[in-house]
Amino acid sequence: MKILFVGPQGCGKGTQAKVIAEKFNIAHISTGDLLRNATGELKKEVDTYMLTGKLVPDELMLRVLKERISQHDCNKGFILDGYPRNITQAHELDKITRIDKVIEIEISDQESVRRLGGRLSCKNCGAVFNENTHTPKRDMQCDNCDAMLIKRADDTKEAILKRLDIYHSETEPILKHYHSVKINGEQPIDQVTKDIIQALK
Ligand code: AMP
């Protein structure tokens, strides 16, 4: 099964994609994580866009994505978390694969800003916590793997607003291109998971 998760920053795409990918035994591809883990020249190039909340160029993103999708663990299927981000990317994706389901996780802009402002991420295992809503058991330490938690470099007020602006102007229009199932992302995490599983049946 090949699934897209679409939704504004902080809607819980990453958190849900991890759980669902494990349950269905498919790969979780976060394009944001792929770029954050880039090294060398590629890292230098993508950092200039990412740190200010801008999208990296389509051609570069497509190259990184194609390479990832060609890996063995994607044979059974995958969840794409963070791609496509605009209509050009949606058309490029059509050329390389067929998507079975599109899940849209909805939250308000106000909730998005609130969540991202307090977001804490584990650099080691990728788990996500929140200073306000989902605090780690120990101060700035990951509950799963004990590594230090960090605030993402692009979770500044300015970059958050820029990313939300891009979401509404460039990413939201892709939903007209697909038949998507809407999920209320402002419910408890477990309920969102249940709704997604129901939608995938
Ligand atoms: P995310 O982790 O999904 O919030 O993505 C973080 C940042 O990575 C974005 O603000 C963009 O700079 C970049 N990025 C992630 N996915 C894409 C994409 N599909 N196209 C262009 N840039 C992307």
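The paragraphs below set out a description of the structure included in this document.

Attention shifts here to helix H1 (residues 13–24). Compared with an ideal rise of 1.5 Å per residue, which puts twelve residues at 16 Å, H1 spans 16 Å between its outermost C-alpha atoms and is within 8% of the ideal. Taken residue by residue, H1 has Lys13, Gln16, Ala17, Ile20 and Ala21 as its buried positions. Buried positions in H1, seen along its axis, are confined to an arc of 130° and lie on one side of it. Summarising the geometry of H1, the exposed residues directed more than 90 degrees from the buried face are Glu22 and Lys23. Contacts made by the buried residues of H1 are with strand S1 (2–6), strand S2 (27–30), strand S3 (78–81), strand S4 (101–106) and helix H8 (189–200). Asparagine 25 sits one or two residues past H1 and shows a positive phi near 55°.

This part is about the site of the ligand. The immediate surroundings of the ligand are formed by 16 residues, with Thr31, Arg36, Lys54, Gly82 and Gln89 found nearest. A distance of 2.5 Å separates an oxygen atom of the ligand from a polar backbone atom of lysine 54. Between a nitrogen atom of the ligand and a side-chain N or O atom of glutamine 89, the distance comes to 2.9 Å. Top element by residues in the shell around the ligand is helix H2 (residues 31–36). It accounts for four residues.

Further remarks concern the environment of methionine 148. Structurally, methionine 148 is set in the loop between strand S6 (128–130) and strand S7 (149–150). When near neighbours in sequence (up to four residues on either side) are disregarded, methionine 148 contacts Ser121, Cys122, Lys123 and Met140.

Another point: the packing of helix H6 (residues 109–117) against helix H7 (residues 157–171). Packing of H6 against H7 brings their axes to within 11 Å, and their N-to-C directions diverge by 140°. Relative to H7, the element H6 is oriented oblique. Every pair of crossing elements has a handedness; the one defined by H6 and H7 is right-handed. Packed against H6, whose contacting residues are Asp109, Ser112, Val113, Leu116 and Gly117, the element H7 presents Ile160, Leu161, Arg163, Leu164 and His168 at the interface. Tallied by class, residues from the contact of H6 with H7 come to five nonpolar, three polar and two charged.

The rules behind these values
- Residues numbered from 1 in each chain as written.
- Predicted model: local features only at pLDDT ≥ 70, side-chain atom pairs only at ≥ 80, totals over all residues.
- Heavy atoms only, no water.
- Helix = DSSP H or I, 4+ residues; strand = E, 2+ residues; numbered from the N terminus.
- Expected span 1.5 Å × (residues − 1).
- Buried < 20%, exposed > 50% of the residue type's maximum accessible area, 1.4 Å probe, protein only.
- Arc of directions from axis to C-beta.
- Contact = heavy atoms within 4.5 Å.
- Near = heavy atom within 4 Å.
- Polar contact = N/O pair within 3.5 Å; in protein donor to acceptor, adjacent residues only side chain to side chain.
- Axes fitted to C-alpha atoms, helices over the stretch in contact; angles between N-to-C directions.
- Parallel < 35°, antiparallel > 145°, perpendicular 65-115°, else oblique.
- Left-handed = near helix turned anticlockwise from the far one by under 90°.
- Nonpolar A, V, L, I, M, F, W, Y, C, P; charged D, E, K, R; others polar.

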